[in-house]
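Listed below are the residues making up each chain.
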Amino acid sequence: MKQEWRLIIENEPISAYENMAIDTALQSHCDQPVLRFYTWKPASVSIGRFQNLYDEVNINYCKENNIDIVRRITGGGAVFHDQELTYSLCINEDNIYFSKDLHESYKSICEAIIKGLSLLGMDAKYVPINDLIVNGKKISGCAQTRKNNVILQHGTLLIKVDVDKMFKILNVSNEKIKDKLISDVKQRVTSIENETGKKFQINDIIKAMTEGFKLQFKCDFLNSKLTQDEINTMYENKVIFESNKWNHER
Amino acid sequence: MQIKDFTVKIINGKLLKIKISVKNEKIEYLQIFGDFFLYPEDSLPKLEKALIGKSKDECFIAIQKIIKDENINIIGFSPEDINKLIHGGFK
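About the cut-offs
- Residues numbered from 1 in each chain as written.
- Chains lettered and ligands numbered in written order.
- Predicted model: local features only at pLDDT ≥ 70, side-chain atom pairs only at ≥ 80, totals over all residues.
- Heavy atoms only, no water.
- Axes fitted to C-alpha atoms, helices over the stretch in contact; angles between N-to-C directions.
- Helix = DSSP H or I, 4+ residues; strand = E, 2+ residues; numbered from the N terminus.
- Parallel < 35°, antiparallel > 145°, perpendicular 65-115°, else oblique.
- Left-handed = near helix turned anticlockwise from the far one by under 90°.
- Contact = heavy atoms within 4.5 Å.
- Nonpolar A, V, L, I, M, F, W, Y, C, P; charged D, E, K, R; others polar.
- pLDDT = per-residue confidence, 0-100.
- Salt bridge = Lys/Arg side-chain N within 4 Å of Asp/Glu carboxyl O.
- Pairing = 2+ DSSP bridges.

Participant: How would you explain the packing of helix H1 (residues 16-28) of chain A against helix H9 (residues 228-242) of chain A if you had to name every residue and give the values?
Facilitator: The geometry of a pair of packed helices is captured by two quantities: the angle between their axes and the separation between those axes. All names here are of chain A. Axis separation between H1 and H9 bottoms out at 7 Å; the angle between their running directions is 130°. Relative to H9, the element H1 is oriented oblique. Considering how the two elements wind past one another, H1 and H9 form a crossing that is right-handed. Together, Tyr17, Glu18, Met20, Ala21, Ile22, Thr24, Ala25, Leu26 and Ser28 of H1 and Glu230, Thr233, Met234, Asn237, Lys238, Phe241 and Glu242 of H9 make up the contact between the two elements. Grouping the constituent residues of the contact of H1 with H9 by class yields eight nonpolar, four polar and four charged.

Participant: Just give me the short version of the confidence of the model for chain A, but keep the residues and values in it.
Facilitator: Here chain A shows a mean pLDDT of 92. Residues at 70 or above account for 94%. Note that residues 173-178 of chain A has pLDDT below 50 and, in this model, three contacts with residues that lie over four places away or in other chains.

Participant: Explain the interface of chain B and chain A residue by residue, including any values.
Facilitator: If you look at the interface, chain B gives 19 residues, while chain A gives 21 residues. Taken together, the links from chain B to chain A amount to three salt bridges.

Participant: How would you sum up the environment of Gly34 of chain B? Please name residues and give values.
Facilitator: Note that Gly34 of chain B resides in strand S3 (residues 26-34). Considered as a pair, Gly34 of chain B and Thr7 of chain B are 27 residues apart in the sequence and their alpha carbons are 9.0 Å apart. The residues contacting Gly34 of chain B, other than those within four sequence positions of it, are Phe50, Gln51 and Gly76 of chain A together with Leu15 of chain B.

Participant: Describe the pairing of strand S8 (residues 131-134) of chain A, naming the residues involved and giving the relevant values.
Facilitator: All names here are of chain A. Pairing of strand S7 (residues 124-127) with S8 involves four bridges; the strand directions are antiparallel. By the bridge assignment, Lys125 is partnered in S8 with Ile133. The sheet contact formed by S8 and strand S9 (residues 137-147) spans four bridges and is antiparallel. Opposite Asp131, over in S9, you have Gly141 as the bridge partner. As consecutive antiparallel partners, S8 and S9 are separated by two residues, and within that stretch Asn135 has a phi angle of approximately 50°, a positive value.

What follows is the structure, given as structure tokens:
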């Protein structure tokens, strides 16, 4: 018998702080696997748990352009969340369809995204530990954390990319290096629109990705919303993600 | 306190940065940054703390010990990588 997983689709884009608060609330209350899709408003930067905020982000540019900044609970690099779809999966590490092994679990979830991208006409490949590439260029990145035996993995999926804007929010002071990096990033990053030449409705992308998870994990999905306990925890967590103490931690 | 910065991109790994201050041949300040993954996440301050007061020759053993004691799993750099970067702070 197929496992039944929860599926939460945010119909409207929400803030970085709320998005991170919901992901961690779902992890705290996870007694059944839950897959969530969401977008961001305003556009935001998330930095990895161990990154130096001042080194990574042009804070003044972000303030002037209404771009929120949040430190993730997960490691990895800084991400500019603008024209993208983000997913998160919370699942108990003892789930029979899942591997406890760190590397295998990253791979396994990325394989679901690969299957979803395939349904949209793209041939993506997994590049350990946390990247997916199409035609040699990065289209998706992800990061994972574990707490109380529950895995939380969240990841991006670029729908459209503005590399110049992406780089204005990065703190690279040396112009010479900056040019090199922009050139490098432009060559390394791609999006669903770039690769397919099509403008998909976001619901069609979500549908394809959900199907990818179904194929990968042999599960069924039940449309779901946050429970009252999850909402309560989300509000508690949101205060932390909004705080200078957390975001300026290092 | 004179804090120095060192950064290295690990081949087939992640970006690793440190801010370090060394006084009388011992580490008096250390912070480790980067886009690596480290589990459990709250053990990074323990790794940093374990190196305070250590001499250049004591660092590697201290790194290995805290990784073992706290069961730290790192993706993106090795104990050798961080040890090598820290050694820069002693020059």
